[in-house]
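So you can see what is in the structure, the chains are spelled out below.
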Protein chains: 2
Amino acid sequence: MPPSANTGSKRPRSRRARGSINAPGILAGVFEFCRDTPVDQLSMPRLAAYLDVGVTSIYWYFKSKRELLDAMAEEALVSFYESMPALRGDAWEDVLREFFKNFYALLAVDDLKCDLIARRIGSLTYQETITSWPRAAELLAGLRDAGFPSSLAWHAFFTLSTYTRGFLLTERPAEDPAAAVPAAAQPSGVTVPEDFEFGITNIILGLRTLLPEDARDRDVA
Amino acid sequence: MPPSANTGSKRPRSRRARGSINAPGILAGVFEFCRDTPVDQLSMPRLAAYLDVGVTSIYWYFKSKRELLDAMAEEALVSFYESMPALRGDAWEDVLREFFKNFYALLAVDDLKCDLIARRIGSLTYQETITSWPRAAELLAGLRDAGFPSSLAWHAFFTLSTYTRGFLLTERPAEDPAAAVPAAAQPSGVTVPEDFEFGITNIILGLRTLLPEDARDRDVA
DNA sequence: ACCTGAACACCGTTCAAGT
DNA sequence: ACCTGAACACCGTTCAAGT
């Protein structure tokens, strides 16, 4: 009990210095908050208490909870894009497989990112993808280099990411708000990473069939 | 204004005959309620008012909102299974394609079923699938007849349904609770049915590659 | 401009009580 | 046994007011 503790036995009158909170601070705080608590249990009063500010302070920077969640999703997406490792492999098949294995692994390991990205954000358009996700743009360029017409390359990417998102959501169904039980029992769909990879292999085999004949035996640049 | 109208100008004292509500009645009522209002906006008090009973009456038959939603999902699933048309086509490729086109079309056209089935229910295990979904059991039997080892047949089914669910959720992202705007502007992912079919074709082509050699030229019995 | 406590209309759920 | 109105502890959001 340090001498600088609260003067009164009740709550401290002023909790934070006045200009000490702002949009980035709130964003950082909510991510910290969500390391202990699932997003579905995030509430504005709870977050305010955690940040040691009044609820209304949050509403000064974010017009609604929706807006806050959107900002979180945006930040999670950027961080996800950046954490995607560089493309590896010579054959387009290997590059594609590694890319989506990473896609899957990064989100499967991070519940919050998975909720924010795979659940909240649907899929992106072609334009959005190539402008905001450099690694995906590289991947698509690689597919074109391998001989895929660009619309086919995009369809391939779309199919694989739709499958990947579907798989992630299968493993991570809508949160039960009243889930006091820690874990111990997965709902039903007993899936393992090998199950995920089967689908990827399957789709890649199909793409090999779709690759125009004249591109089948091309060198790697 | 019929003479049998409420005696008082305020709310009628007793709304319903006493034994007039029960679990099936509530279930029927909530489906009716959800024809006008998205599930995400379903609340227990609202439903009670719609059914013209006290909230507590609902809690007598369903221990929680969760339990009510589970019962809805169960009923929606049964109805979905029954609405799947009989298998058609000679080649396994055609049968598979038609099956998943129907899967997609039935849920794409029915927001409530889509929410209940594609969003709430993850994927089913092999056992659950063949026991509760006769059409899927037929489909899997057909794949085995075509020469697919049974674990490969199941993986094929799982891949296709994961893709289908992913696609449906892409089109139908988490509901905005504050969506007063009727429609007019889809979020971003401009998808058309042809986009869906591309992925199905892609996966089927991959499966053709995976079909054991000795089964390639078999008759249709 | 930034931030506060108190309030509003809601929610899911439960209580004590009626029939 | 079935059902009620009233209450509880919460929620998202807004208000009038403080600095």
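Residues numbered from 1 in each chain as written. Chains lettered and ligands numbered in written order. Predicted model: local features only at pLDDT ≥ 70, side-chain atom pairs only at ≥ 80, totals over all residues. Heavy atoms only, no water.

## Quick look at the side chain of E93(A)
All names here are of chain A. Selection rule: Secondary structure elements follow DSSP: runs of H or I no shorter than four residues count as helices, runs of E no shorter than two count as strands, and numbering proceeds from the N terminus. Polar contacts, as counted here, are pairs of nitrogen or oxygen atoms within 3.5 Å of one another; within protein the pair requires one atom able to donate a hydrogen and one able to accept it, and residues that are adjacent in sequence qualify only if both atoms are side-chain atoms. Contact between two residues is taken to exist if any of their heavy atoms lie within 4.5 Å; hydrogens are not considered.
Along the chain, the position of E93 falls in helix 5 (residues 92–108). Within the structure, E93 has its side chain in polar contact with the side chain of W92 (distance 3.4 Å). Contact partners of E93, with chain neighbours within four places excluded, come to I204 and R208.

## A word on the pattern of salt bridges
Where we set the bar: Any Lys or Arg side-chain nitrogen located within 4 Å of an Asp or Glu carboxyl oxygen qualifies as a salt bridge. Accessibility here uses a 1.4 Å probe with only protein chains present; expressed as a share of the type maximum, an area under 20% marks a residue as buried, one over 50% as exposed, and anything in between as partly exposed.
Inspection of every chain in the model, using the stated rule, returns 16 salt bridges over all chains. Of the charged contacts in the structure, one is a salt bridge between D110(B) and K113(B), with a shortest N-O distance of 3.8 Å. The class of D110(B) is partly exposed, set by a relative accessible area of 24%. We classify K113(B) as buried; its relative accessible area is 19%. Linked by salt bridges that have partners in common, E98(A), K101(A) and E197(A) make up one network.

## Section: the UniProt feature "DNA-binding region" (unreviewed entry) in chain A
Heads up, the condition is: UniProt positions are given in the numbering used here, feature names are shortened, and annotations may be inferred rather than shown by experiment.
In this structure's numbering, the residues bearing the UniProt feature "DNA-binding region" (unreviewed entry) are residues 43–62 of chain A. For residues 43–62 of chain A, the helix share is 75%, the strand share is 0%, and the end-to-end C-alpha distance is 13 Å.

## Some thoughts on the packing of aromatic side chains
Definition in use: Pairing of aromatic rings covers Phe, Tyr and Trp, the last counted by its six-membered ring, and requires centre-to-centre distances within 6.5 Å; plane angles under 30 degrees mean stacked, over 60 mean edge-to-face, and any other angle means tilted.
Inspection of the entire model under this criterion finds 44 aromatic pairs over all chains. Here Y104(A) and F167(A) contribute two aromatic rings whose centre-to-centre distance is 5.5 Å and whose plane-to-plane angle is 80°, an arrangement assigned as edge-to-face. Here Y104(A) is found in helix 5, whereas its partner F167(A) is found in helix 9 (residues 150–171), with 63 residues between them in sequence. Classification of F167(A) as buried rests on a relative accessible area of 0%. With a centroid separation of 5.3 Å and 65° between ring planes, the pair formed by F167(B) and F196(B) is classed as edge-to-face. Here F167(B), found in helix 9 (residues 150–171), pairs with F196(B), found in helix 10 (residues 193–210); they are 29 residues apart in sequence, far enough to count as distant. As far as burial versus exposure is concerned, F167(B) and F196(B) are alike and both buried.

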